[in-house]
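Structural characterization, general
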Amino acid sequence: MPVFDVMNYVHDHIREKLSLTEIAALFGYSKWHFCKKFHDFAGMTFLEYVRHHRIQLAAIDILRGDTVTDVAFRYSYDTVGGFNKAFLTHYGCLPRKYRERAEECRLYYERRRMSMYPLTDRCLILRDEAMNRKEALLEYCVQRNVYFSLGRAAAMEAGKSRTEAIADGILRIAESMTPVMIPGELVVGFNYGDGTYGEYVIPNNDPVGRELMDKNHISEADREAFWGLNPVYYGETDEIRASLTTEEIWALQEWAGIGRCICANHTVLGYEKVLKLGFDGILREIEGYEAVNGESAHYRAMKTLCRAGFALGEKYAAEAERRAETEEDASLRADYAAVAAACRQVPRYPARSYLEAVQSLWFAHILNTWEDRINANSIGRLDQILYPYYKADVDKGILTREQAFEIICCLWIKLYRDYDVQQSCVGGTNPDGTSAVNDLSYLMLDATEQLDFIRCLSVRYGAATEKKFLRRALEVVGHVQKGVPFFFNDDIMVKALTEQGISREDAFGYTQIGCVETVIPGKSNPHAVTGETNLLKALEYVLGNGHSLCFPDFKTGAETGELSELDTYDKLYAAVLTQVERILDLTCSQVKKCRDACIAPKPYKSMLTEGCIERGLDFNDAGATYDYYQIMLGGVPNLADSLAVIKKFVYDDGTYTLPELKAILVADFPDERVRQSFIRKAPKFGNDLDEVDLIAADIIDKACDMLERMAETYGLSFHAQPFTFLWMIDHGRTSAASPDGRRMGEPIAYSVSPMQGRDFNGLTAVFNSIAKLPAHRTAGTTSAIVEADPKLFTDENLDIITDILVAASKKGLCNVQFNITDAETLMEAQKHPEKYANLAVRVSGFSQKFNLLTPELQNHIIGRTKHACL
Amino acid sequence: MSLTALISHISRGSFHDGAGIRTVVYFMGCGLRCRWCHNPETFSQKPLIMHLPAKCMHCGSCVEVCPDRHVVEGDRLTLLREGCTLCGSCTEICPTGALTLCGEFMTVEQVLAMIRKDRHYYDESGGGVTLSGGECLLQDKFCAELLEQCKEEGIHTAIETALFVPPPSVESVLPFVDHVFADVKLPDGERHRQWTGQDNTLILSNLARVIASGVSVTVRIPLIPSVNDSLEDMDAFASLLSRVGASDVELLRYNYMAEGKYDAVGIPYVSFGKGTQSDRTMAALAQRLSEGAEGLTVHYR
């Protein structure tokens, strides 16, 4: 049933009484079937939807100034009282009050947006289309999947190498896809990545699968071929699993140390190169190196990809020209002509204008996402990449600032359509120490605020950054209230990166992938989220003399002696460090095995990463100038808190012996009084207390030393990254109760944020605690989310918040993300998800719609301490 | 033995008690008993037990260690404060912090150590330390020493005081204070006695003295519904403030959320309403006040 048609029907007949029975019959369905279909699609019942829709339209009339009585009867409410009641339920106030509030709100918005360009009608329409027309996606969602698979399979059958097969797959998409253009778009191109069916699963030949293929206009021959493909192409991990030792498998199963070598879809490539040279220029560069290094599959694949780039541009150019001829509306005709002109030039040839630069960048990005899906493939320093083109056009007088703003909005609507985490970054510091903030940096913040649905934007700042810029970025945090943008401290990051052997010049160019993972754009393969550890497990292994407390059959840890031998705190701490090293070793060895077992070729990433063309090596075969592996260090706050508790209760006060403590943990705190006293009577990370903060700092410091040793052992470069992503839930689920008062199975702390609810000395104390960690050694960045009360970010407090951030950064704070919501709102949203559809919260290195989180994750976020103004 | 003071708590990262980011030190003990005070735990000049029923898990530990002073009926714990020696055994054993001891004797060095932790935030924002309470000047020797030390280290200093202390106490700290927040509750002496337990003569003469000394002063008026928040009250405040030469006034909204704290310290609570003054009321009061006295800057939040 086309639910969309039902919605349109409701919209057209909203002023009438709508009966479920009649409408179900009208669309030819039984009542039950109709209700189910509708609910599956809309996430609410049909009657709820009608109520919702009706009251929203009524509210608009109320705002227009119509009387309550008129509106009530216009929308078929039986009585004014009934209307008032419905209104109260939905909006929490009566219509009259609503009008007053709306007026205040309007004035507020007018004030706050005065200095910004408003969204143009074009952007409003495109934004609405991107946010609300999920239907449109279904029409194209399988194209990448089907054509890529077909192109790749044909190449494999022809006996080509894997890297060529991937390139052929991408070329096939570019040649066969439907060019999707939404009227009004100034930047075109679609990466067909959204939705379940964009990945592997397209139901084989059953009605749903067939309907999808029909919708996507996939030919009968192609769909049969697709369904006939051997699925073996997708599985590459089984052989690696077979090579793992028992300990490695245990570490993996209890989420203590997981090593992968996925090296996929976590990149920021050198898109500037496409802007500057075009694929045509790159093709010539490849041919040049081929002549020197000799012909190879690597070079052949990259050359195929250049041709895929040509095809992509030409396909859209042709479509735009076709539409320009038939379009009757003059302004749309002009849009199509502009798009056609741009696509005739880029990405094949160098971009000559700002619009072409944006278009070229978007095409270059699409090709990257076709290689291994969208996921976290990111853009990088957008303001820096585009500024030369912007400035040239403005100087020539062919572009106004306002037009530039509109084009940014058009690109961002593409980038943040319900897609995954495609990060971009603004601001930063130049290698000569000056601020890199430019006019586009501000325009991009404006676009973020105006579009109000951006999920990933980072801001780089340092000692040279104008306070005005930082203040504006913090203002956007407060206005948007979705946890964007987030903040990275250049002064520390550059130091950390140069310590890892990255040149100073390149270190200043760093940016983020997806969440917070550090990358040198176009020059590095960071192998983000390669190794994932839960260091809290180290304590379990000490108490179990190598055995896990959660899974007693597993002897994942090292033998660090009977508990009776650990008669001083120093001995215990040494044992913990031994286990930390063990966990890191198990993780790094898995990484090494994965790396050796197979090299998943990435021809496109190779083409746009410095080193790969020159050396003739693949991106995943250490071709990049900087090739390193990020090892995530999780559970540090919990481990530090736990050690502080043991120090006090076991070694200083002698309240419990180690075996007694172990018994308490194994039994998951049978006496709640004990748990409470562990929470309350020993210092906790996040309160600016050296006793515990320095333990956390030392653990990270020692882990960095260990990773340096691992680098020698395994011949790979490892970057420490105290970041948990959202796996703090999984790590917690597989961890026994810990002395910090965490119950068995409860989530561990997010990254280096204090354990949720255990920080109570205010914002400055949290920052001081985090600033004590050796961020200058963790090149993968530390990550921290601070929960802040919305009032903290109101206009009168912004100067102070800016000062706090600057002061904390000088002290050593490296990264921070703010979540601006109050617990009441979140709890309310948990109960009534339908009322908070656009409420987004900071989950990990990205923001997500609150409704889409699991209840477990929702509770985790509610449990974090809120920092209000004092 | 070095000088100590009884401190109820130290609050960091405060925005609203002076310029920039501040650390606020709350001293215990006060000569006034303002019926609306939202820090009743600071009335006493000795430590006291705070009881927060919401945190209680009904484990009975306190009854075990001190059966005479703790009575449990159903799921309700009653604390018998009469005769309590503040031995601390119940607060020590209480696992959840439902029973805590409020008030700690701290040395100047201990308080300074806390203040220094946020030094970099003061430097960035022009903030510093604010001594508050209770009445901090009841422990004037300590305050003078602490403030002098802060000045020596280049930390901005402020005090918040009701000025109900002997004049020499005020004078002893003034050389080390950058800014004074002086509370004025009611212009009329008799009503002042009725609502705070004391006459305001001493307060007003201290205020005049402080202003005359040339230190920067903000007069703070806590607005209490139906006690001192009428337009007529503003007129009376205006004439009083011009008499003492005040130039800067801050109106504070009524804090209606102190009931929990009163319960926690076992002092009967008097409510002046379940809400606070609206923006509109505040604007009207501020305007009336500024019209009544020449050269008076009035602000409110």
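Nothing here was measured: the structure is a model prediction, and the numbers come from that model.

Right, let's talk about the interface of chain B and chain A for a bit. With 26 residues of chain B at the contact, the number on the chain A side is 28 residues. At the boundary of chain B with chain A, total buried surface from both sides reaches about 2,200 Å², with 55% on carbon and sulfur atoms. Ranking the residues of chain B by area buried against chain A places B:Phe15, B:Tyr121 and B:Glu124 at the top, with a combined share of 32%. Taken together, the links from chain B to chain A amount to four salt bridges. Taken together, the connections running from chain B to chain A amount to 15 residue pairs in polar contact (both at pLDDT 80 or more). For the side of chain B that touches chain A, the secondary structure elements donating two or more residues are β1 (4-14), α1 (61-65), α2 (89-93) and α4 (119-125) of chain B. Taken together, the residues that form the side of chain B that touches chain A break down as eight nonpolar, 12 polar and six charged.

Along its sequence, chain B is organised into domain 1 (4-37 + 105-258 + 274-300) and domain 2 (48-102). Each of domain 1 of chain B and domain 2 of chain B has a C-alpha centre, and the two are 34 Å apart.

To continue, consider the sheet that holds strand β11 (residues 629-634) of chain A. In a beta sheet, neighbouring strands pair by backbone hydrogen bonds and run either parallel or antiparallel. Residue and element names in this part refer to chain A. A sheet is described by the order of its strands in space; here four strands give the open sequence β1-β9-β11-β12, paired in mixed fashion. Across the chains shown, the open sheet's two edge strands, defined by having one partner strand only, are β1 (257-259) and β12 (718-721). Each strand of the sheet is rotated relative to its neighbour by a mean of 15°, with strand direction disregarded. Sheet analysis places strand β9 (residues 531-534) next to β11, joined by four bridges and oriented parallel. Residue pairing in the sheet places Gly531 in a bridge with Ile631 of β11.

Residues and elements named next belong to chain A. The contact between helix α18 (residues 330-345) and helix α19 (residues 354-372) brings their axes to 10 Å, and the two run at 65°. Where α18 crosses over α19, the handedness of that crossing is right-handed. Residues Ala341, Ala342, Cys343 and Gln345 of α18 pack against Glu356, Gln359 and Phe363 of α19. Taken together, the residues of the contact of α18 with α19 break down into four nonpolar, two polar and one charged.

This part covers the sheet that holds strand β7 (residues 104-107) of chain B. All names here are of chain B. Taken in spatial order, the nine strands make up an open sheet running β7-β1-β2-β8-β9-β10-β11-β12-β13, and their pairing is mixed. Two strands in the sheet have a free side with no partner beyond their single neighbour: β7 and β13 (297-300). Neighbouring strand axes in the sheet, compared pairwise and without regard to direction, differ in orientation by 30° on average. Against the sheet, helix α8 (residues 201-212) makes contact with β10 (179-183) and β11 (216-222), and its axis sits at roughly 150° relative to β11, the strand it touches most. Strands in contact with helix α11 (residues 279-292) are β11, β12 (248-252) and β13; relative to β13, the strand with the most contacts, it is inclined by about 165°.

With that out of the way, let us pick up the environment of A:Leu451. All names here are of chain A. Among the secondary structure elements, Leu451 is positioned in helix α22 (residues 439-451). Accessibility expressed as a relative area gives 0% for Leu451, which makes it buried. The spatial distance from the C-alpha of Leu451 to the C-alpha of Ile170 is 32 Å, given a sequence separation of 281 residues. The contacts of Leu451, once residues within four sequence positions are left out, are Leu119, Arg127, Cys409, Trp412 and Ile413.

All names here are of chain B. When pLDDT is averaged across chain B, the result is 94; 100% of the residues are at 70 or more. For chain B, the element scoring lowest by mean pLDDT is strand β4 (residues 70-73), at 86; strand β9 (residues 156-161) scores highest, at 98. Overall fold confidence for the complex sits at a pTM of 0.87, while the interface term, ipTM, reaches 0.93.

Below, the discussion takes up the packing of helix α10 (residues 143-157) of chain A against helix α11 (residues 162-176) of chain A. All names here are of chain A. Taken N-terminus to C-terminus, the directions of α10 and α11 make an angle of 135°; their axes are 7 Å apart at the nearest point. It follows that α10 is oblique to α11 by the angle criterion. Of the two possible hands of crossing, α10 and α11 adopt the one that is right-handed. Contacts between α10 and α11 involve Gln143, Arg144, Tyr147, Phe148, Leu150, Gly151, Arg152, Ala155 and Met156 from the first element and Arg162, Ala165, Ile166, Asp168, Gly169, Ile170, Arg172, Ile173 and Ser176 from the second. Tallied by class, residues from the contact of α10 with α11 come to nine nonpolar, four polar and five charged.

What counts as what
Residues numbered from 1 in each chain as written. Chains lettered and ligands numbered in written order. Predicted model: local features only at pLDDT ≥ 70, side-chain atom pairs only at ≥ 80, totals over all residues. Heavy atoms only, no water. Contact = heavy atoms within 4.5 Å. Buried area = accessible area lost by both parts, 1.4 Å probe. Salt bridge = Lys/Arg side-chain N within 4 Å of Asp/Glu carboxyl O. Polar contact = N/O pair within 3.5 Å; in protein donor to acceptor, adjacent residues only side chain to side chain. Helix = DSSP H or I, 4+ residues; strand = E, 2+ residues; numbered from the N terminus. Nonpolar A, V, L, I, M, F, W, Y, C, P; charged D, E, K, R; others polar. Domains from an automatic or database assignment. Pairing = 2+ DSSP bridges. Axes fitted to C-alpha atoms, helices over the stretch in contact; angles between N-to-C directions. Left-handed = near helix turned anticlockwise from the far one by under 90°. Buried < 20%, exposed > 50% of the residue type's maximum accessible area, 1.4 Å probe, protein only. pLDDT = per-residue confidence, 0-100. Parallel < 35°, antiparallel > 145°, perpendicular 65-115°, else oblique.

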